Amino acid sequence: MRWGRLSAPNYRGVGLPLSLGAMTALAGVAGSVALATFRHVETGGWRVVGGSLLVFAAGVVDDLSPVGPRGLRGHLKALVRLRVTTGILKVFVIAAVSLVVVVSLPRRRLWVEIAGIAAIAACANLWNGLDVRPGRALKAFLPVAVSALVFGISLRLMPTLPGVLMAAAVALPIDLKERAMLGDGGSNLLGFTAGLCLYLVLPSWAVVVVAVLGVALNVAAETVSLSLVIERTTPLAWIDQLGRLREG
């Protein structure tokens, strides 16, 4: 993709606008402002809003950049050659934002916070890796977001959740019908939001499990195609195809 273009080819080579990510980010901010009119939002909650926008912006920069290395390994190889790619810049931004947000939230034991930072950053990158087929990243996000609300996540600390969830629900049929895409900005934002939800609602040991699984899946994705794994796992393949346009 070239600078200035706001569309990109999907997996079938069809050019689609990268509008769903912007819709999701704006809904998160608008929902936070609306929530603040009748419920106090903690300082940490506003930092979540700012962090979400930074993660989204870093993804958009990567969306709009010229074609470069693919995958985390490719970006790290470029960094070794002293070439700073937009992809590695995005990784640093996500890691830094995850750190700032976690230390802004109510304190937990240090090892839980370290695991939380890893889990949030890993989720942000993992959702980006999932967003290679219509609806896949959104289908993975919606159950996490709804579960967080059911388990009573504090909206004072996570004010973006209602808006992002509503936007994701609206975006799903649009994504499935291949009328628009999330792009890196939108998928990174979904993963960042999902990781934060998990950190805020899960017990300490489960945060560690999420961190380990998230990092492991990111590492595995460098050598094994997640799409291939999904396609060869019958239940996952069924969910993945649900609502999508027929190929061919």
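You'll find the structure just up there.
Residues numbered from 1 in each chain as written. Predicted model: local features only at pLDDT ≥ 70, side-chain atom pairs only at ≥ 80, totals over all residues. Heavy atoms only, no water.

Focus: the overall build of the chain
Right, on to step 1. Across its full length, the chain holds 11 helices and 2 strands.
Right, on to step 2. Taken from the N to the C terminus, the helices and strands of the chain come in the order β-β-α-α-α-α-α-α-α-α-α-α-α.
Right, on to step 3. Expressed as a percentage of the 248 residues in the chain, the buried residues total 48%.
Right, on to step 4. The contacts in the chain between residues at least 6 apart in sequence include a share of 77% that link residues at least 24 apart.
Right, on to step 5. Looking at the chain as shown, the accessible area adds up to about 12300 Å², and 68% of this sits on carbon and sulfur atoms. (Helix = DSSP H or I, 4+ residues; strand = E, 2+ residues; numbered from the N terminus. Buried < 20%, exposed > 50% of the residue type's maximum accessible area, 1.4 Å probe, protein only. Contact = heavy atoms within 4.5 Å. Areas by Shrake-Rupley, 256 points an atom, 1.4 Å probe, with all protein chains shown as cover.)

Details of helix α9 (residues 204–220)
Right, on to step 1. In a regular helix each residue adds 1.5 Å, so 17 residues correspond to 24 Å; α9 covers 24 Å between its end C-alpha atoms and thus fits that length.
Right, on to step 2. All of the buried residues along α9 are Ala206, Val207, Val210, Ala211, Gly214 and Asn218. Each buried residue of α9 sits inside an arc of 145 degrees when the element is viewed along its axis, so together they form one side. Away from the buried face of α9 by more than 90 degrees, exposed residues Trp205, Val212, Leu213 and Val219 are located.
Right, on to step 3. In this structure, the buried side of α9 is in contact with α5 (110–130) and α8 (183–201). (Expected span 1.5 Å × (residues − 1). Arc of directions from axis to C-beta.)

Thoughts on the pattern of salt bridges
Right, on to step 1. Counting across every chain of the model gives 6 salt bridges.
Right, on to step 2. Here Lys90 makes a salt bridge to Asp184, at a shortest N to O gap of 3.4 Å. One end of the pair, Lys90, is in helix α4 (residues 86–104); the other, Asp184, is in helix α8, with 94 residues separating them in the sequence. Assigned by exposure class, Lys90 and Asp184 land together as buried.
Right, on to step 3. The network of salt bridges with shared partners includes Asp62, Lys90 and Asp184. (Salt bridge = Lys/Arg side-chain N within 4 Å of Asp/Glu carboxyl O.)

Quick word on the side chain of Arg244
Right, on to step 1. Structurally, the position occupied by Arg244 is in the segment after α11 (234–241).
Right, on to step 2. Of the polar contacts made by the side chain of Arg244, one reaches the side chain of Tyr11; its length is 3.3 Å.
Right, on to step 3. For Arg244, the contacting residues outside a window of four places in its chain are Tyr11, Arg133, Pro134, Arg136 and Leu176. (Polar contact = N/O pair within 3.5 Å; in protein donor to acceptor, adjacent residues only side chain to side chain.)

Digging into a nonpolar patch on the surface
Right, on to step 1. A contiguous nonpolar patch, built from Val146, Val150 and Phe151 and spanning about 340 Å² of accessible area, is present on the exposed surface.
Right, on to step 2. Mapped onto the fold, Val150 is located in helix α6 (residues 136–150).
Right, on to step 3. Owing to a relative accessible area of 66%, Val150 belongs among the exposed residues under this scheme. (Patch = residues over 30% accessible without salt bridge, like charges linked within 9 Å, V, L, I, M, F, W, Y side chains within 5 Å.)

Looking at the environment of Gly152
Right, on to step 1. Checked against the element boundaries, Gly152 lands in the loop between α6 and α7 (161–176).
Right, on to step 2. Separated by 49 residues in sequence, Gly152 and Val201 place their C-alpha atoms 7.7 Å apart.

A closer look at the packing of α4 against α8
Right, on to step 1. Interaxial distance between α4 and α8 falls to 12 Å at its minimum, and their mutual angle equals 30 degrees. As far as their axial angle goes, α8 and α4 are roughly parallel. As α4 runs across α8, the sense of the crossing is right-handed. Taken together, the residues of α8 that come into contact with α4 (itself represented by Lys90, Ile94, Val97, Ser98, Val101 and Val102) are Asp184, Asn188, Phe192, Leu196 and Tyr199. (Axes fitted to C-alpha atoms, helices over the stretch in contact; angles between N-to-C directions. Parallel < 35°, antiparallel > 145°, perpendicular 65-115°, else oblique. Left-handed = near helix turned anticlockwise from the far one by under 90°.)

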